[in-house]
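What follows is the residue order along each chain.
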Amino acid sequence: MSTTDRVVPTPTPETRHYWDGAQAGELRLQRCNACGDAYFPPRPFCPECGSRDVKVETASGRGTLYSYIINHLGAPGMKPPFAVAVVALEEGPRMMANILECEQTPEALVLDMPLEVTFEKITDAITLPQFKPAGAPK
Amino acid sequence: MIPNSVAIVGAAETTELGKIPELSQIGLHADAALNAIADAGLTVRDIDGVATAGHNSTEVAHYLGIVPKWADGTSVGGCSFMVHVRHAVAAIEAGLCETVLITHGESGRNRVGVLGRPVFPSQFDAQFEAPYGVSIPPSRFTIPVMRKMKDDGLTEEQLAMVAVVQREWAAFHPRASFRDPITVDDVLNSKMICWPFRKLMCCLVTDGGGALVLTSAARAKDLRQKPVYIRGAGESAETPVVSQMKDFTSSAAFRMSGKLAFESAGLKHSEVDHLMIYDAFAHLPVYGLEDLGFVGKGEGGAFIAEGNTRPGGKLPLNTNGGGLSYMHSGMYGMYALQESVRQMRGTSPAQVEGARVSVCHGVGGMFAASGTVVMTNDPG
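Residues numbered from 1 in each chain as written. Chains lettered and ligands numbered in written order. Predicted model: local features only at pLDDT ≥ 70, side-chain atom pairs only at ≥ 80, totals over all residues. Heavy atoms only, no water.

### Observations concerning the UniProt feature "domain: ChsH2 C-terminal OB-fold" (unreviewed entry) in chain A
Consideration 1: Taking the numbering used here, the UniProt-annotated feature "domain: ChsH2 C-terminal OB-fold" (unreviewed entry) corresponds to residues 58–120 of chain A.
Consideration 2: The distance from the first to the last C-alpha atom of residues 58–120 of chain A is 17 Å, and the span holds 0% helix and 48% strand. (UniProt positions renumbered as here; feature names shortened; annotations may be inferred. Helix = DSSP H or I, 4+ residues; strand = E, 2+ residues; numbered from the N terminus.)

Right, here's the structure in full:
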């Protein structure tokens, strides 16, 4: 049951491990055993080489702020202004996130600043991986 | 494709443009289609190929009373119509059909009889972007730009100049939505939408449509309009989710589509007299100029800010005022094609004197897809 106006992801068989991981407080990536690349979003084969020989691993949770906008219009379940960011993960892939525990201003959101993963429960069934400035208090 | 084997022989926009509450989306398709067919001096009976996006091609063909020999429903966003032109050239060259109608209609502003945006759980968007509060295009398409500003030196003032210069072009066009001059300060002081994008860096939301009629160059000679030949074309796609664009400073789809267009046309950039680059937002002409190879990497913003693309500049760009000032129904590519056709016919209100080659480049989705058409009025 949704407890938010926010868009709530519906896991598919190919992405279930990722959402189960988030629920357990882990950011899970996949890595190709053939070419060695880590990749995201989840799928049961490597988007670089096509191999189906892939594994799920837990990411370090460290990344940097790659790019962002600050939304002043609002969105379902989101109060403006809020940043929508793309985080460059230490393992290589990039993913979208909001930047929590941080002023939502251009002065506070500096490109390439170090970030670390945090988890935001949005419904009983879904927890979103999110990011915050590295070293920010819990 | 063979350069100049196929020509655009009919081209028109909807009778009205901007606010059209009296027509639903399919009605806009039909109004534009009938105008374009009349422009070609043909009748609906002469059309044996139909391509469209937004609505499916079966519905448009049936609405117009056409039983086509060839139909293309490629729907990859606002550049679908550039892609249709490329596919139509292939179909006509292959003998699958003789005369193709490409239609666009969109009730972007009044939302009369429109299709909802389909979202289903297995789309990456629904799981990995939408939950973070990206929704409407200004909150998605703009996400790579901060990276480009840091890596390539693009500035807010340069982005503002894109809007300023295009307003200069729009002033020539009686049908443009916005025609009054604006300044860099006007743009930077307009309402903040999604930092660093202000309202005047974002496209309009309007109602309208447009259509094209294409046939073989041989048949075009006997028709009433000066033929506008398809000299080359390209298409490509990269990613449905902007967060997974490989390089935030350059579009892989733009680069592939542009390369294919120039290679098939057998032309150099210096031979291009007129350029259209789909501008849903102010950064797109910057990416387009660079990724199509008109300027070097990181030079697009300065090129525009220095006045090279404004009236009287060496590379007239978006001479209808673009999606920022002319109109933007949602899938703007058709209006860019219409302005390229006007320029090649010599009938644009902002006519580039003596223009012989026009490049028309479109984007679909948020850097998701791309289509590029090279037109000429020179049969070669």
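Additional details are given in the paragraphs that follow.
### Notes on the nonpolar core
Consideration 1: Membership of the largest hydrophobic core comes to 137 residues, with the highest contact counts inside it found for A:Phe131, B:Leu212 and B:Leu289.
Consideration 2: Considering every element that reaches this core, the biggest residue donor is helix H6 (residues 156–170) of chain B, with nine residues.
Consideration 3: By size, the runner-up hydrophobic cluster in this structure holds 25 residues, among which are B:Ala12, B:Ala40, B:Val44 and B:Tyr229. (Core = buried A, V, L, I, M, F, W, Y, C linked by side-chain atoms within 4.5 Å. Buried < 20%, exposed > 50% of the residue type's maximum accessible area, 1.4 Å probe, protein only.)

### Regarding the sheet that holds strand E3 (residues 54–58) of chain A
Through backbone hydrogen bonds, the strands of a sheet pair up, either in parallel or in antiparallel fashion.
All names here are of chain A.
Consideration 1: Pairing within the open sheet is antiparallel, and its three strands lie in the order E2-E1-E3. Strands at the two margins of the open sheet, each flanked by one partner only, are strand E2 (38–39) and E3.
Consideration 2: Two elements, strand E1 (residues 28–32) and E2, share two bridges in a ladder whose sense is antiparallel. Paired with Arg 31 across the bridge in E2 is Ala 38. (Pairing = 2+ DSSP bridges.)

### A closer look at the packing of helix H3 (residues 80–93) of chain B against helix H13 (residues 333–345) of chain B
Residues and elements named next belong to chain B.
Consideration 1: It is the contact of H3 with H13, at a shortest axis distance of 7 Å, that shows an interaxial angle of 60°. The angle between H3 and H13 places the two elements in the oblique class. When H3 is examined against H13, the residues Phe 81, Met 82 and Val 85 are found in contact with a partner set consisting of Gly 333, Met 334, Ala 336 and Leu 337.
Consideration 2: Here the contact of H3 with H13 is composed, by residue class, of six nonpolar, one polar and no charged. (Axes fitted to C-alpha atoms, helices over the stretch in contact; angles between N-to-C directions. Parallel < 35°, antiparallel > 145°, perpendicular 65-115°, else oblique. Contact = heavy atoms within 4.5 Å. Nonpolar A, V, L, I, M, F, W, Y, C, P; charged D, E, K, R; others polar.)

### Let's talk about the UniProt feature "domain: Thiolase C-terminal" (unreviewed entry) in chain B
Consideration 1: Mapped onto the present numbering, the UniProt feature "domain: Thiolase C-terminal" (unreviewed entry) falls on residues 234–376 of chain B.
Consideration 2: End C-alpha to end C-alpha, residues 234–376 of chain B measures 15 Å, and it is 31% helix and 17% strand.

### Looking at the sheet that holds strand E7 (residues 207–216) of chain B
Residues and elements named next belong to chain B.
Consideration 1: Taken together, nine strands build an open sheet; the order of strands is E3-E2-E4-E7-E1-E8-E11-E10-E9 and the sheet is mixed. The open sheet is flanked by strand E3 (70–72) and strand E9 (274–277), the only strands paired with a single partner. With direction set aside, neighbouring strand axes in the sheet form an average angle of 20°.
Consideration 2: Inspection of the sheet shows E9 paired to strand E10 (residues 357–364) by four bridges, in the parallel sense. Bridge pairing in E10 places His 274 opposite Ser 358.
Consideration 3: Its contacts with the sheet place helix H9 (residues 252–265) against strand E8 (228–237), E10 and strand E11 (369–376), and it is angled at close to 150° to E8.
Consideration 4: Each of E9 and E10 is contacted by helix H10 (residues 284–291), which is oriented at about 125° to E9, the strand it contacts most.

### Focus on unusual backbone geometry
Consideration 1: Omega for the bond connecting A:Phe40 with A:Pro41 falls within 30 degrees of zero, at -5°, which places this linkage in the cis form.
Consideration 2: Counting through the fold element by element, A:Pro41 comes out in the loop between E2 and E3.
Consideration 3: A positive phi is found at B:Asn4, a non-glycine position, where the angle reads about 65°.
Consideration 4: Structurally, B:Asn4 is set in the segment before strand E1 (6–13).
Consideration 5: One non-glycine residue with positive phi stands out, namely B:Asn318, at about 55°.
Consideration 6: Examined against the element boundaries, B:Asn318 turns out to sit in the loop between helix H11 (300–305) and helix H12 (322–325).

### As for the interface of chain A and chain B
Consideration 1: Listed by partner, the interface residues are 39 residues for chain A and 34 residues for chain B.
Consideration 2: Taken together, the two surfaces of chain A and chain B that pack against each other cover about 3100 Å², and 63% of this comes from carbon and sulfur.
Consideration 3: The largest per-residue losses of area from chain A upon contact with chain B belong to A:Ile69, A:Leu73 and A:Met96, which jointly make up 21% of the total buried on that side.
Consideration 4: Linking chain A with chain B are three salt bridges, by the criterion used here.
Consideration 5: A:Asp112 is the salt-bridge partner of B:Lys150, the closest N and O atoms lying 2.7 Å from each other.
Consideration 6: Linking chain A to chain B there are 16 residue pairs in polar contact (both at pLDDT 80 or more).
Consideration 7: Elements with a minimum of two residues in the side of chain A that touches chain B: helix H1 (16–23), strand E4 (62–71), strand E5 (82–89), strand E6 (94–97) and strand E8 (127–133) of chain A.
Consideration 8: Partitioned by chemical class, the residues of the side of chain A that touches chain B number 26 nonpolar, eight polar and five charged. (Buried area = accessible area lost by both parts, 1.4 Å probe. Salt bridge = Lys/Arg side-chain N within 4 Å of Asp/Glu carboxyl O. Polar contact = N/O pair within 3.5 Å; in protein donor to acceptor, adjacent residues only side chain to side chain.)

### As for the packing of helix H1 (residues 25–39) of chain B against helix H2 (residues 57–64) of chain B
All names here are of chain B.
Consideration 1: One way to put it is that H1 packs onto H2 with a least axis distance of 10 Å and a crossing angle of 60°. Relative to H2, H1 is oriented oblique. The chirality of how H1 crosses H2 is right-handed. From H1, Ile 26, Gly 27, His 29, Ala 30, Ala 33 and Leu 34 reach across to H2, where they touch Glu 59, Val 60, Tyr 63 and Leu 64.
Consideration 2: Split by residue class, the contact of H1 with H2 holds seven nonpolar, two polar and one charged. (Left-handed = near helix turned anticlockwise from the far one by under 90°.)

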